[in-house]
Amino acid sequence: MLLQSPRYYFNGMPSTITLHDISSQYLPAPISYAVLRPGGEATLPLCILLLGAGGTRDSLFDLQQLLDNCWAEGSVPPMIVVTPTPGLDYYLEDPAGPIRWDSFLASDFLPHLRSAYNSTDAVIAGISGGGYGALKLAFARPHLFAGVATMQPMLEPGFHESDVGPRNRLHHTAGGPPQLIGPARDPFLWESNNPANRARANAQQIRDAGLAIYIDAADRDFLNAHDGAEFLHRVLWDLDLSHGYHLVRDADHGGPTMLPRLRAMFAWFGTLWHPPLPDAVSEQSAAAWLESGLQGKPPARATTTKAFLDFLRTRFDPIRAAAANVDPTTNRRYGLVAPGSAKTP
């Protein structure tokens, strides 16, 4: 089974961007948004793309050429990308106030988009502060999305507001709702919006929903957002929640690495909708070799086949079972390694 990146059909027609507005009971003013749609396609999955500070619906025009190129080369599956303008709301969900972005996105925005574009499949993505918004919504309501993907999400490491030191408050100077961002923020409101806390509170729902999770972080992030991404990675590890985590060497919160990282993030969605298929010829030759008792030289790419993997797993099943009798954590996806700051109760 040679695992190759799936290639997607592209009809060569140019994409289009349309601009819209939507009102909601959950927000004090109408929200502007842009819709990028591949040309000539009928029913497509939806991708809600949330941006960080300074991002607007017009930012989607900057991404249009990148996505057109990706669709033309077949590296990214066609999808409808929708980007709202968040202002300085920071995707806050404040049940006691007028700003409730989680409720808006889940109860108004997503249903409106599903109806308008006749789409049932949906994912959510986010960059910087938008990554924070995407993660906290997906972890609170994992049944709404097939996956959540984030690039340099603006996260703070800790379960409690008092856990966050000056190193991880640099982004507060960019502004935001004072009850969430700044020296006078409400610690309980921050904790209720914190993606790490939501992951802990909803771990079983996330697992049951099969929510796929992708986190990209830059290891030279000038805002130190990678601290929060690493913290969340460890929380998800301890919760035994499957996820992809990429700490990108020498990448920063922006700059030249952004485009290849964006390509990788959008391409990742293809693994959800179009998983790599086994190569029938390789599978047959590997199966024959295994059934022969491994006689002779192994066929080319034998170790990349599902047949070979099933063979090894079967042989290790009794060993794993014996180990699990002594250590029940053997059957977890992730082992309980040395304790760290993300230790769960």
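Reading the values: the criteria
- Counting restarts for each chain, with residues numbered from 1 along the sequence as it is written.
- Only residues with pLDDT of at least 70 are given local features in this predicted model, and only at 80 or more are side-chain atom pairs given and counted; all residues enter the totals for whole chains, interfaces and linings.
- As a convention, hydrogens and water are excluded, and side-chain values are obtained from all of the structure's heavy atoms.
- Throughout this description, the term salt bridge denotes a Lys or Arg side-chain nitrogen within 4 Å of a carboxyl oxygen of Asp or Glu.
- Between buried and exposed lies partly exposed: a residue is buried under 20% and exposed over 50% of the maximum accessible area for its type, with that area taken using a 1.4 Å probe on protein chains only.
- Numbering of helices and strands starts at the N terminus; helices are DSSP runs of H or I of at least 4 residues and strands are runs of E of at least 2.
- An expected span of 1.5 Å times one less than the residue number is assigned to each helix.
- Across the chain, bend at a residue is computed as the angle between axes fitted to the seven residues ending at that point and the seven starting from it.
- Should any heavy atoms of two residues lie within 4.5 Å, those residues are counted as being in contact.
- Throughout this description, the term nonpolar core refers to a set of buried Ala, Val, Leu, Ile, Met, Phe, Trp, Tyr and Cys residues connected via side-chain atoms within 4.5 Å.

### Quick look at the pattern of salt bridges
Reasoning step 1: The full count for this structure, using the stated rule, is 12 salt bridges.
Reasoning step 2: Two residues, glutamate 161 and arginine 169, come together in a salt bridge whose shortest N-O distance is 2.7 Å.
Reasoning step 3: On the accessibility criterion, glutamate 161 (15% relative accessible area) is buried.
Reasoning step 4: With a closest N to O distance of 2.9 Å, aspartate 310 and lysine 306 form a salt bridge. Taken together, the positions of aspartate 310 and lysine 306, both in helix α10 (residues 306-326) and four residues apart, correspond to about one turn of that helix.
Reasoning step 5: Exposure remark for lysine 306: the relative accessible area of 46% places this residue in the partly exposed category.
Reasoning step 6: One salt-bridge network, in which partners are shared between bridges, spans Glu156, Glu161, Arg169 and Arg185.

### Quick notes on α10
Reasoning step 1: The end-to-end C-alpha separation of α10 is 29 Å, in line with the 30 Å expected for 21 residues at 1.5 Å each.
Reasoning step 2: Along α10, the sharpest kink reaches roughly 40°, centred on phenylalanine 316 and followed within four residues by the proline proline 318.
Reasoning step 3: Those residues of α10 lying buried are Ala307, Phe308 and Ala324.
Reasoning step 4: Along its buried surface, α10 packs onto α9 (280-291).

### Section: helix α8 (residues 258-273)
Reasoning step 1: Between its first and last C-alpha, α8 extends 24 Å over 16 residues, near the 22 Å set by a 1.5 Å rise per residue.
Reasoning step 2: Restricting attention to buried positions, one finds in α8 the residues Arg261, Leu262, Met265, Phe266, Trp268, Phe269, Gly270 and Trp273.
Reasoning step 3: On its buried face, α8 sits against β3 (46-50), α1 (59-73), β5 (122-127), β6 (147-151), β7 (212-218) and β8 (244-248).

### Some words on the nonpolar core
Reasoning step 1: Of all hydrophobic cores here, the largest spans 61 residues; its most connected members are Phe104, Phe109, Ile124, Phe139 and Phe145.
Reasoning step 2: At eight residues, the largest contribution of residues to this core is made by helix α2 (residues 101-117).
Reasoning step 3: What phenylalanine 145 contacts, discounting residues up to four positions off in sequence, is Leu110, Ala122, Val123, Ile124, Leu137, Ala138 and Leu211.
Reasoning step 4: Trp71, Met79, Ala212 and Leu262 belong to the second-largest nonpolar core, a separate cluster that totals 28 residues.

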